[in-house]
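An overview of the molecular structure
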Amino acid sequence: EVQLVESGGGLVQPGGSLRLSCAASGFTFSNYAMSWVRQAPGKGLEWVSVINSGGGSTSYADSVKGRFTISRDNAKNTLYLQMNSLKPEDTAVYYCAKYTTPIASPVNRPSSWGQGTQVTVSS
């Protein structure tokens, strides 16, 4: 059974940083592309970033480009999202998501999701 467990969310002031983690189990982590997706209060899902199975290729939404960095440690079965220069509009529940292929793009739909971790950016 695929399990994705996010952690690292919390309350941070504007301009601050957080690092989210996603612990994966139940599948061969290194074989699949992974993504972060977020949902702000009262809004729909917004794709944030994707990384291919080997970690050598990444892509970002324009809203986070230059501030967020996605990475993965295939030896630890863990996905990360380093978030810097956080803004109030980054406030959302952040979800880790798994694809069914080693390479994915924003147009692809993930097959599995974690339960999410809340990030609140406020002074």
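As shown above, the structure is provided for reference.
Computed from a predicted model, the values in this text were never measured in an experiment.

Moving on, we get to the sheet that holds strand 3 (residues 18-25). Read from one edge to the other, the open sheet built from four strands follows the order 1-3-8-7, with strand pairing classed as antiparallel. Whereas interior strands pair on both sides, the edge strands pair on one side only; in this sheet they are strand 1 (3-7) and strand 7 (68-73). Each neighbouring strand pair of the sheet contributes to a mean axis angle of 15°, computed without reference to strand direction. Bridge count for strand 1 against strand 3 is five bridges, and the pairing is antiparallel. Pairing of Val5 across the sheet is with Ala23, part of strand 3.

As a further point, take the nonpolar core. Among the nonpolar cores identified, the biggest contains 32 residues, and Met34, Trp36, Phe68, Leu79, Leu81, Met83 and Tyr94 are the most heavily contacted of them. If you list the elements that add at least two residues to this core, you get strand 3, strand 4 (34-39), strand 5 (45-51), strand 7, strand 8 (78-83), strand 9 (92-98) and strand 11 (117-121). If sequence neighbours within four positions are ignored, Phe68 has contacts with Arg38, Val48, Tyr60, Leu81, Gln82, Met83, Asn84, Leu86, Asp90 and Tyr94.

On to the packing of aromatic side chains. Per the stated rule, a full pass over the model turns up three aromatic pairs. Feature note: the residues Phe27, Phe29 and Tyr32 constitute an aromatic cluster, connected by ring pairs. Lying over the aromatic face of Phe27, Lys98 brings its terminal NZ or CZ to 5.2 Å of the ring centre.

In this section: the pattern of salt bridges. Summed over the entire model, instances satisfying the criterion amount to four salt bridges. Among the ionic pairs, Arg67 bridges to Asp90, the shortest N-O distance being 2.7 Å. With a gap of 23 residues between them, Arg67 in the loop between strand 6 (58-60) and strand 7 and Asp90 in the loop between strand 8 and strand 9 connect regions that are remote in the sequence. What makes Arg67 buried here is its relative accessible area of 11%. Linked through salt bridges whose partners overlap, the residues forming this network are Arg38, Glu46, Arg67 and Asp90.

A word on the side chain of Glu6. Mapped onto the elements, Glu6 comes out in strand 1. Among buried Asp, Glu, Lys and Arg side chains, Glu6 stands out as unpaired, with Arg38 the closest opposite charge at 13 Å. Among the polar contacts made by the side chain of Glu6, one reaches the main-chain amide nitrogen of Gln115 at a distance of 3.1 Å. The residues touching Glu6, leaving out its near neighbours within four places in the chain, are Ser21, Cys22, Trp36, Tyr94, Tyr95, Cys96, Gly114, Gln115, Gly116 and Thr117.

Calculation criteria
Residues numbered from 1 in each chain as written. Predicted model: local features only at pLDDT ≥ 70, side-chain atom pairs only at ≥ 80, totals over all residues. Heavy atoms only, no water. Pairing = 2+ DSSP bridges. Helix = DSSP H or I, 4+ residues; strand = E, 2+ residues; numbered from the N terminus. Axes fitted to C-alpha atoms, helices over the stretch in contact; angles between N-to-C directions. Core = buried A, V, L, I, M, F, W, Y, C linked by side-chain atoms within 4.5 Å. Buried < 20%, exposed > 50% of the residue type's maximum accessible area, 1.4 Å probe, protein only. Contact = heavy atoms within 4.5 Å. Phe/Tyr/Trp six-rings, centres within 6.5 Å; stacked < 30°, edge-to-face > 60°. Lys NZ or Arg CZ within 6 Å of the ring centre and 35° of its normal. Salt bridge = Lys/Arg side-chain N within 4 Å of Asp/Glu carboxyl O. Lys, Arg positive; Asp, Glu negative; His and termini not counted. Polar contact = N/O pair within 3.5 Å; in protein donor to acceptor, adjacent residues only side chain to side chain.

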